[in-house]
Amino acid sequence: MSTPEKALRSQRLNQITHEPHSKLDALVKAHAPFETRANFARFVVAQYLFQSELVSLYNDAELTAIVPDLPARCRAEAAEADLADLDTEVPAPVAGAVKNPSKARALGWIFVSEGSKLGAAFLIKRAVALELSETFGARHLGEPEGGRAEGWKSFVRTLDSLQFSAEEEAEVEQGAIDAFNRFTVLLEQAYSTEAEPA
């Protein structure tokens with residue numbers, strides 16, 4: 001049994017990802033996704049790229065055995081529909097996607113993806129100013145079935161209850177850090193001038 005003073009795994013993951021999370025937040029703000037629809041469309045490109053890279057994790061049999069509603073939590077299709085709403089082409093994959101991670105590492109990635117749904121509650125309010133909504137252009141920011149807080153709490157309860165070896169603890173932490181770093185790369189790619197259609 002773990003001792004009470006030992007931080008929960010989810011709390012530890014929040015602590016160790018604080019720096020990459022803060023950097024990513026600052027980068028998102030710098031690109032001003034809510035100034036114009038064109039800016040927002042690029043933000044959706046990054047979201048789509050990230051979510052599409054995680055489709056195999058969200059549908060992984062081993063992970064679904066741990067989190068039964070995992071496939072329904074995936075937002076790749078919602079982001080793809082948003083791109084269509086915004087008359088934006090589906091981007092080509094970007095080299096460097098996560099490939100066949102261990103179970104623990106995969107859960108680190110999903111921790112970051114699921115956690116971003118909490119931040120989406122604030123983002124969707126800003127998207128409304130661009131006349132976008134949970135049914136048009138900003139579907140991927142929409143409220144998950146059963147509510148944001150409940151979905152997150154149930155995921156975290158499951159994550160915190162898993163018995164991990166020291167090696168797996170290191171892997172889940174690395175997965176979470178990798179996920180933030182990867183989203184940062186994809187965001188830069190989405191907003192880079194080279195991304196302009198020729």
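Each remark here, short or long, concerns the structure printed above.
Only a predicted model underlies this, so the values are computations on that prediction, with no experimental measurement involved. (Residues numbered from 1 in each chain as written. Predicted model: local features only at pLDDT ≥ 70, side-chain atom pairs only at ≥ 80, totals over all residues. Heavy atoms only, no water.)

Undergrad: Any chance you could explain the overall build of the protein chain here in plain terms?
TA: From N to C terminus, the protein chain includes ten helices and zero strands. Going from N to C terminus, the protein chain has its helices and strands arranged as α-α-α-α-α-α-α-α-α-α. On C-alpha atoms alone, the protein chain measures out to a radius of gyration of 17 Å, which is about the 16 Å that the 2.2 N^0.38 rule sets for 198 residues. Its C-alpha atoms give the protein chain principal-axis dimensions of roughly 55 × 35 × 30 Å. Per-residue burial for the protein chain yields a buried fraction of 44% across its 198 residues. Considering only contacts within the protein chain whose residues lie at least 6 apart along the sequence, 81% involve residues at least 24 apart. Looking at charge distribution, the protein chain has the averaged site of its 20 positive side-chain charges lying 4 Å from that of its 30 negative ones. (Helix = DSSP H or I, 4+ residues; strand = E, 2+ residues; numbered from the N terminus. Rg over C-alpha atoms; globule rule 2.2 N^0.38 Å. Buried < 20%, exposed > 50% of the residue type's maximum accessible area, 1.4 Å probe, protein only. Contact = heavy atoms within 4.5 Å. Lys, Arg positive; Asp, Glu negative; His and termini not counted. Charge placed at Lys NZ, Arg CZ, Asp CG, Glu CD.)

Undergrad: Help me understand the side chain of Gln47 in this model?
TA: Tracing the chain through its elements places Gln47 in helix α3 (residues 37-53). Sequence-distant contacts of Gln47, that is, excluding residues within four places in its chain, are made with His140 and Phe183.

Undergrad: What exactly am I supposed to notice about the packing of helix α2 (residues 18-30) against helix α10 (residues 166-191) here?
TA: Following both chains from N to C, one finds α2 and α10 inclined at 15 degrees, their axes separated by 9 Å at the closest point. Our classification of the angle between α2 and α10 gives roughly parallel. In the crossing of α2 with α10, the sense of the turn from one axis to the other is left-handed. Contact residues: Pro20, His21, Leu24, Leu27 and Val28 in α2; Phe180, Asn181, Phe183, Thr184, Leu187 and Glu188 in α10. Looking at the contact of α2 with α10, its residues break down into seven nonpolar, three polar and one charged. (Axes fitted to C-alpha atoms, helices over the stretch in contact; angles between N-to-C directions. Parallel < 35°, antiparallel > 145°, perpendicular 65-115°, else oblique. Left-handed = near helix turned anticlockwise from the far one by under 90°. Nonpolar A, V, L, I, M, F, W, Y, C, P; charged D, E, K, R; others polar.)

Undergrad: What should I look at first to understand the packing of helix α8 (residues 103-128) against α10 in this one?
TA: What describes two packed helices is the angle between their axes and the distance between those same axes. The N-to-C vectors of α8 and α10 enclose an angle of 40 degrees; their axes lie 7 Å apart at closest approach. As far as their axial angle goes, α10 and α8 are oblique. The hand of the α8/α10 crossing is right-handed. Counting all contacts with α8, which are made through Lys103, Ala104, Arg105, Leu107, Gly108, Trp109, Phe111 and Val112, the residues of α10 involved are Glu168, Glu171, Val172, Gln174, Gly175, Ala176, Asp178, Ala179, Phe180 and Arg182.

Undergrad: I would appreciate a short explanation of α3 in the present structure.
TA: Residues spaced three or four apart along an α-helix point in a common direction, a consequence of the helix completing one turn every 3.6 residues. The end-to-end C-alpha distance of α3 is 24 Å, a good match for the 24 Å that 17 residues give at a rise of 1.5 Å each. Counting buried positions over the 17 residues of α3 gives 13, a clear majority of the element. (Expected span 1.5 Å × (residues − 1).)

Undergrad: Would you explain the pattern of salt bridges in this entry?
TA: Pairing is possible between side chains of opposite charge, provided their charged atoms come close. Overall, the coordinates contain 13 salt bridges when judged by the stated rule. Across the pair Glu169 and Arg12 runs a salt bridge, and its minimum N-O distance is 2.7 Å. Placement of the pair is Glu169 in helix α10 and Arg12 in helix α1 (residues 9-16), with a sequence separation of 157 residues. Here Glu169 and Arg12 have matching classes, each one buried. (Salt bridge = Lys/Arg side-chain N within 4 Å of Asp/Glu carboxyl O.)

Undergrad: Sorry, what's going on with the layout of surface pockets here?
TA: Here the idea is plain: a probe the size of a water molecule rolls over the atoms and shows the empty space left. Its volume calculated, the largest pocket comes out at about 710 Å³. Contributing to the lining of the largest pocket are 31 residues, with His21, Asp25, Ser116, Gly119 and Leu123 lying nearest its centre. Top element by residues in the lining of the largest pocket is α8. It accounts for ten residues. (1 Å grid on protein atoms, 1.4 Å probe; cavity = no way out; pocket = protein on both sides within 12 Å on 5 of 7 lines; lining within 4 Å. Points joined across faces, edges and corners; volume = space filled by probe spheres on them.)

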